[in-house]
Amino acid sequence: LDTRQWKLITVSARTSTALDNICNNLAIHFRNSPEISFADAVYTLNVGRKEFEHRRAIVCSNLEEAVKLREELLTLIRKLLVPEHSDTLTAMDHLAKSYYDAGRLDEAIKLSTELLALLPFDPAVHNEAAWKLVTNPDKDGKYPHAKEAVAWARQACELAPGNADLLNTLGVTL
């Protein structure tokens, strides 16, 4: 077994939202810049950053493997816990984000739809799903799921009228 192929990616931020944004931006950067050495990028992430309270780590050999690990985790959690359990919902949310990050939009939308069905009255879930759709183009740079993004953003605004963040997402989707 050649252990050099495995990489430990560590990322941290001051808030959980900032951590999600950093992870999303990294995944987009990796996806859009295939010429970048995955090993060099991981080394820089692990050595060149200060540690903050909110942290995420994963051991993998590439981005697709990171997504696969999240899929396996969700499968295991679904076997052990009920769908409404907070750990199941968190795992679903993380996997949906990984799908978006890896450019697997159809799978991301399917999982986001499942999550919305389990949390139909949570404006933050609707807003995040809409934001992901409107900020993640497909491989051709197009947004084929704009209708879903608008619907989810509108639902978020109906659930929490007057919320500036939700209105901002709705504005971007339109």
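In what follows, the accompanying structure is described.

**Description of the pattern of salt bridges**
And step 1. This model, assessed by the stated rule, comprises 4 salt bridges.
And step 2. Notably, a salt bridge pairs E51 with R55, separated by 3.3 Å at the nearest N-O pair.
And step 3. For E51, a relative accessible area of 57% translates into the label exposed.
And step 4. Take R55: its relative accessible area is 55%, and that puts it in the exposed class.
And step 5. With a closest N to O distance of 3.1 Å, K97 and D93 form a salt bridge.

**Looking at the pairing of strand β1 (residues 7-13)**
And step 1. Within β1, 5 of the 7 residues are buried, which leaves it mostly tucked inside the rest of the structure.
And step 2. In this structure, β1 lies alongside strand β2 (residues 54-60), joined through 7 bridges in antiparallel fashion. Residue pairing for β2: S12 is matched across the bridge by R55.

**What about the nonpolar core?**
And step 1. One finds Y99, Y100, L111, L133 and W152 to be the most contacted residues of the largest nonpolar core, which totals 27 residues.
And step 2. For this core, the secondary structure elements donating two or more residues are α4 (86-101), α5 (105-118), α6 (123-135), α7 (146-159) and α8 (164-173).
And step 3. Core analysis: the next-biggest nonpolar cluster, separate from the first, contains 13 residues, A13, L19, F30 and A41 among them.

**A few points about α5**
The α-helix advances 3.6 residues per turn, and as a result positions three or four apart in sequence lie on the same side.
And step 1. With 14 residues, α5 ought to run about 20 Å at 1.5 Å a step, and its terminal C-alpha atoms sit 20 Å apart, in line with that.
And step 2. Turning to α5, its buried residues number three or more, namely L105, A108, I109, L111, S112, L115 and L116.

**Some thoughts on helix α2 (residues 38-47)**
And step 1. Among the residues of α2, F38, A41, V42 and L45 are the ones counted as buried. Across the axial projection of α2, the buried residues extend over an arc of 100°, all falling on one side. Opposite the buried face of α2, at more than 90 degrees from it, the exposed residues are D40, Y43, T44 and V47.

**Quick look at the side chain of S98**
And step 1. Summarising the element assignment, S98 is placed in helix α4.
And step 2. Given a relative accessible area of 8%, S98 falls into the buried group.
And step 3. In contact with S98, not counting residues within four places along its chain, are V67 and R70.

**Focus on the packing of α6 against α7**
And step 1. Here α6 crosses α7 at 155°, and the two axes come no closer than 8 Å. Comparing their axes, α7 and α6 come out roughly antiparallel. When you trace α6 past α7, the crossing you get is left-handed. Of α7, the residues touching α6 (which contributes P123, H126, N127, A129, A130, L133 and V134) are E148, A149, W152, A153, Q155, A156 and L159.
And step 2. Its residues placed into classes, the contact of α6 with α7 shows 10 nonpolar, 3 polar and 1 charged.

**A look at the environment of K132**
And step 1. Looking at the secondary structure, you find K132 in helix α6.
And step 2. Judged by its relative accessible area of 7%, K132 is buried.
And step 3. With 45 residues separating them along the chain, K132 and D87 place their C-alpha atoms 21 Å apart.

Procedures and definitions
Residues numbered from 1 in each chain as written. Predicted model: local features only at pLDDT ≥ 70, side-chain atom pairs only at ≥ 80, totals over all residues. Heavy atoms only, no water. Salt bridge = Lys/Arg side-chain N within 4 Å of Asp/Glu carboxyl O. Buried < 20%, exposed > 50% of the residue type's maximum accessible area, 1.4 Å probe, protein only. Helix = DSSP H or I, 4+ residues; strand = E, 2+ residues; numbered from the N terminus. Pairing = 2+ DSSP bridges. Core = buried A, V, L, I, M, F, W, Y, C linked by side-chain atoms within 4.5 Å. Expected span 1.5 Å × (residues − 1). Arc of directions from axis to C-beta. Contact = heavy atoms within 4.5 Å. Axes fitted to C-alpha atoms, helices over the stretch in contact; angles between N-to-C directions. Parallel < 35°, antiparallel > 145°, perpendicular 65-115°, else oblique. Left-handed = near helix turned anticlockwise from the far one by under 90°. Nonpolar A, V, L, I, M, F, W, Y, C, P; charged D, E, K, R; others polar.

Scope: geometric values only; no functional claims are made or implied.
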